[in-house]
Amino acid sequence: AQRVTQPEKLLSVFKGAPVELKCNYSYSGSPELFWYVQYSRQRLQLLLRHISRESIKGFTADLNKGETSFHLKKPFAQEEDSAMYYCAPPGSMDSNYQLIWGAGTKLIIKP
Amino acid sequence: DTGVSQDPRHKITKRGQNVTFRCDPISEHNRLYWYRQTLGQGPEFLTYFQNEAQLEKSRLLSDRFSAERPKGSFSTLEIQRTEQGDSAMYLCASSKTSGRGDEQFFGPGTRLTVL
């Protein structure tokens, strides 16, 4: 199974402070990972994917194969970043894959 | 196209009853997924379709759950003889085949409460 784990259920930081949301994966083969975000009363939506290597809303994530991690980072948190964040495998599947998402990290940005 | 839609948004039922949920994906998307999400957990994969073919089903999924996508467009998820443990948010997502790593577009979910 493609499994990702998010060790922190809750992360609370002050506005303007750096943020790092942790994600570790357990894969065979070359991993492809995503970060999804769910703002209050909105549906899950893609934040960023590792293959694009882009920065979205100031967030970046680097795939570290040595540490099997895909941590999400932002240098200066903003109040609108408060949301649930999920690390996830891709939607494409090969046989016998069982998509296992992380349990999510609730990010609270304090004013 | 306004994105993935799900119907109903809320369903309250009594234990033992059958329920059916519908998902309408984004029109050009060939892949469709069902997930279940309970409080404090991430989405739990249930099953997956490519066009009308059901290619994968969670090994943890009870036989009481069945899903169809008869014409490769909308999909239905049926739960027979519901149990209180089935209470959850049921999410549908769709994607379009790409070279690597499909982005999934999610619907708003159907919240099921089994009394």
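Please refer to the structure placed before this passage.
Read on for a plain summary of the structure. This structure is a prediction, so every number in the text was calculated from the model and none was measured.

Glycine aside, negative phi is the norm for most residues, and most peptide bonds take the trans geometry. Following Asp7 of chain B, the chain continues to Pro8 of chain B via a peptide bond in cis, the omega torsion being -5°. One can find Pro8 of chain B in the loop between strand S1 (5–7) and strand S2 (10–13). Residue Arg41 of chain A is not a glycine yet carries a positive backbone phi of 65°. Mapped onto the elements of the fold, Arg41 of chain A is located in the loop between strand S5 (34–38) and strand S6 (45–49). Look at Arg41 of chain A and you get exposed, because its relative accessible area is 85%. In this structure, Lys57 of chain A takes a positive phi of about 55° despite not being glycine. Lys57 of chain A gets classed as partly exposed once you look at its relative accessible area, which sits at 48%.

Time to look at the layout of surface pockets. Each pocket or cavity is described by its volume, and for the largest pocket that value is around 840 Å³. If you go around the largest pocket, you meet 33 residues; those closest to its centre are Gln38, Met84 and Tyr86 of chain A together with Gln37 and Arg111 of chain B. For the lining of the largest pocket, the secondary-structure elements that each account for two or more residues are strand S9 (83–88) and strand S11 (105–110) of chain A together with strand S9 (88–95) of chain B. Counted by class, the lining of the largest pocket contains 14 nonpolar, 13 polar and six charged residues.

Right, let's talk about the sheet that holds strand S8 (residues 75–79) of chain B for a bit. All names here are of chain B. An order of S1-S3-S8-S7 is seen for the four strands of this open sheet, with the pairing classed as antiparallel. One side of each edge strand has no neighbouring strand; the edge strands of this open sheet are S1 and strand S7 (65–68). Each strand of the sheet is rotated relative to its neighbour by a mean of 15°, with strand direction disregarded. In this sheet, S8 lies alongside strand S3 (residues 19–24) in antiparallel orientation, the contact comprising five bridges. Across the sheet, residue Arg22 finds its bridge partner in S8, namely Thr76.

Attention now goes to the pairing of strand S2 (residues 10–14) of chain A. All names here are of chain A. Of the two faces of S2, only the one carrying Leu11 and Val13 is buried; Leu10, Ser12 and Phe14 on the other face are not. As paired strands, S2 and S11 are joined by five bridges and run parallel to one another. For Leu11, the partnering residue across the bridge sits in S11 and is Leu107.

What follows covers the nonpolar core. All names here are of chain A. Trp35, Leu72 and Tyr85 are the most contacted members of the largest nonpolar core, which has 24 residues in total. The set of elements that each furnish at least two residues to this core consists of S2, strand S3 (19–21), S5, S6, S9 and S11. Looking at this core element by element, the count peaks at three residues for S9.

Our focus in this paragraph is the sheet that holds S2 of chain A. Residue and element names in this part refer to chain A. The mixed open sheet is built from five strands, whose spatial order is S2-S11-S9-S5-S6. The sheet is open, and its two edges are formed by S2 and S6, each paired on a single side. Between one strand axis and the next, the sheet turns through 25° on average, direction left out of account. Sheet analysis places S9 next to S11, joined by three bridges and oriented antiparallel. Within S11, the residue paired with Met84 across the bridge is Lys106.

One pass over the structure, following the stated rule, counts 13 aromatic pairs over all chains. Relative to Phe106 of chain B, the ring of Trp101 of chain A lies with its centre 5.7 Å away and its plane at 90°, an arrangement referred to as edge-to-face. With Trp101 of chain A in the loop between strand S10 (99–100) and S11 and Phe106 of chain B in strand S10 (residues 105–106), the pair connects residues from two separate chains. For the pair shown, Trp101 of chain A and Phe106 of chain B are each scored as buried. Here Phe65 of chain B and Tyr90 of chain B contribute two aromatic rings whose centre-to-centre distance is 6.4 Å and whose plane-to-plane angle is 35°, an arrangement assigned as tilted. Placement of Phe65 of chain B in strand S7 and of Tyr90 of chain B in strand S9 is noted, with a sequence separation of 25 residues between them. Each member of the pair Phe65 of chain B and Tyr90 of chain B is classed as buried. Each member of the aromatic cluster is reached from another via a ring pair, and the members are Phe34, Tyr36, Tyr86 and Trp101 of chain A together with Tyr33, Tyr35, Phe45, Tyr48 and Phe106 of chain B. Above the plane of the ring of Phe14 of chain A lies Lys110 of chain A, whose end atom (NZ or CZ) is 4.2 Å from the centre. Looking at Arg22 of chain B, its charged tip hangs above the ring of Phe74 of chain B, at a distance of 3.9 Å from the centre.

The rules behind the values
Residues numbered from 1 in each chain as written. Chains lettered and ligands numbered in written order. Predicted model: local features only at pLDDT ≥ 70, side-chain atom pairs only at ≥ 80, totals over all residues. Heavy atoms only, no water. Helix = DSSP H or I, 4+ residues; strand = E, 2+ residues; numbered from the N terminus. Buried < 20%, exposed > 50% of the residue type's maximum accessible area, 1.4 Å probe, protein only. 1 Å grid on protein atoms, 1.4 Å probe; cavity = no way out; pocket = protein on both sides within 12 Å on 5 of 7 lines; lining within 4 Å. Points joined across faces, edges and corners; volume = space filled by probe spheres on them. Nonpolar A, V, L, I, M, F, W, Y, C, P; charged D, E, K, R; others polar. Pairing = 2+ DSSP bridges. Axes fitted to C-alpha atoms, helices over the stretch in contact; angles between N-to-C directions. Core = buried A, V, L, I, M, F, W, Y, C linked by side-chain atoms within 4.5 Å. Phe/Tyr/Trp six-rings, centres within 6.5 Å; stacked < 30°, edge-to-face > 60°. Lys NZ or Arg CZ within 6 Å of the ring centre and 35° of its normal.

Keep in mind these numbers describe shape, not what the thing actually does.
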